[in-house]
Amino acid sequence: QSAIRRYSAYERVAVLENRLLQLIQPEFSVTGNKTFPVKGEKKLHITFKNLRSFSAKLYRIESPKDVLTATFGVRKNTDSNRKFLREMDVSLPEKAPYLQGDTSFTLAVDEPGTYMLTFHSSPRSPDNDQSEYYFAVTDLTVFTRSTNKNEYDFFVVDRTTGEPAKEAQVVIYK
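This text gives an overview of the structure that appears in the document. Just so we're clear, the structure is a prediction, and the values are computed from it rather than from any experiment.

Observations concerning the overall build of the protein
When helices and strands are counted, the protein shows three helices and ten strands. Counted from the first residue to the last, the protein has its helices and strands arranged as α-α-β-β-β-β-α-β-β-β-β-β-β. In terms of C-alpha radius of gyration, the protein reaches 22 Å, well past the compact-globule figure of 16 Å for 174 residues. In terms of overall dimensions, the protein has a C-alpha envelope of 75 × 35 × 30 Å along the principal axes. The buried share among the 174 residues of the protein stands at 29%.

If you want it as structure tokens, here you go:
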């Protein structure tokens, strides 16, 4: 900043100003699994820069179909079909400006279902693509195979043991 003030009449000072804005821009990225076991650890990782605080709101989504329609832009949000569960403050380690930091947090969710996290940071990050994170908590998974044209077999099994799930029902959305 002092160089920008000192050389404000320089014809290419805008390049320095633009670079400074890029360096001080608040940003974050959240990564983790999209499916977690019911009793297992549910950990998400956060990479951040230029943030003072970070929090997440946890919602339960009533239908996985709502997540798909919101994700693919058919319907832009899940506001009407979600239930607020709790807000969580995430502790961020102190970092000098311009330096990237990493941390992680664990979710306390042991009920099977589909969930959404919304994130809030201070200062606010202009990157809205990372503001929602969808995930499922289940011990089941589905395998499919094509038997004929437009015919499929579905196998619902326990994610950890591979044992078939008894009396499982599969709902197919078109």
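Brief notes about the pattern of salt bridges
Counted under the stated rule, the structure contains three salt bridges. Residue Asp-110 is joined to Lys-42 by a salt bridge in which the shortest nitrogen-to-oxygen separation is 3.3 Å. One end of the pair, Asp-110, is in the loop between strand 6 (100–106) and strand 7 (113–122); the other, Lys-42, is in the loop between strand 2 (35–36) and strand 3 (43–49), with 68 residues separating them in the sequence. On the accessibility criterion, Lys-42 (1% relative accessible area) is buried. Between Asp-153 and Arg-145 there is a salt bridge; the shortest N-O distance is 3.1 Å. Judged by relative accessible area, which is 48%, Arg-145 ranks as partly exposed.

Observations concerning a nonpolar patch on the surface
A surface patch of nonpolar side chains, about 470 Å² in accessible area, is lined by Val-142, Tyr-152, Phe-154, Val-170 and Ile-172. Mapping Ile-172 onto the fold places it in the segment after strand 10 (151–158).

Let's talk about the sheet that holds strand 2
The strand order across the open sheet formed by five strands is 2-8-7-4-5, and the pairing between neighbours is mixed. Among the strands making up the open sheet, the edge pair consists of strand 2 and strand 5 (82–90). Looking at chain direction, strand 4 (residues 53–61) and strand 7 are connected through nine bridges and run antiparallel. Bridging from a neighbouring strand, Leu-58 pairs with Leu-117 of strand 7.

Some thoughts on the side chain of Asn-50
Structurally, Asn-50 can be placed in the loop between strand 3 and strand 4. Within the structure, Asn-50 has its side chain in polar contact with the backbone oxygen of Ile-24 (distance 3.3 Å). In terms of polar contacts, Asn-50 uses its side chain to reach the backbone amide nitrogen of Tyr-98, at 3.1 Å.

Some details on the environment of Glu-132
Looking at the secondary structure, you find Glu-132 in strand 8 (residues 132–137). Taking the relative accessible area as the measure of exposure, Glu-132 reaches 33% and is therefore partly exposed. Remark: the alpha-carbon pair of Glu-132 and Phe-119, spanning 13 residues in sequence, is separated by 6.5 Å. Other than its neighbours up to four places away in sequence, Glu-132 contacts Met-116, Leu-117, Thr-118 and Phe-119. In terms of polar contacts, Glu-132 uses its side chain to reach the side chain of Tyr-134, at 3.0 Å.

Conventions and cut-offs
Residues numbered from 1 in each chain as written. Predicted model: local features only at pLDDT ≥ 70, side-chain atom pairs only at ≥ 80, totals over all residues. Heavy atoms only, no water. Helix = DSSP H or I, 4+ residues; strand = E, 2+ residues; numbered from the N terminus. Rg over C-alpha atoms; globule rule 2.2 N^0.38 Å. Buried < 20%, exposed > 50% of the residue type's maximum accessible area, 1.4 Å probe, protein only. Salt bridge = Lys/Arg side-chain N within 4 Å of Asp/Glu carboxyl O. Patch = residues over 30% accessible without salt bridge, like charges linked within 9 Å, V, L, I, M, F, W, Y side chains within 5 Å. Areas by Shrake-Rupley, 256 points an atom, 1.4 Å probe, with all protein chains shown as cover. Pairing = 2+ DSSP bridges. Polar contact = N/O pair within 3.5 Å; in protein donor to acceptor, adjacent residues only side chain to side chain. Contact = heavy atoms within 4.5 Å.

Purely geometric stuff here, so don't read any function into it on its own.
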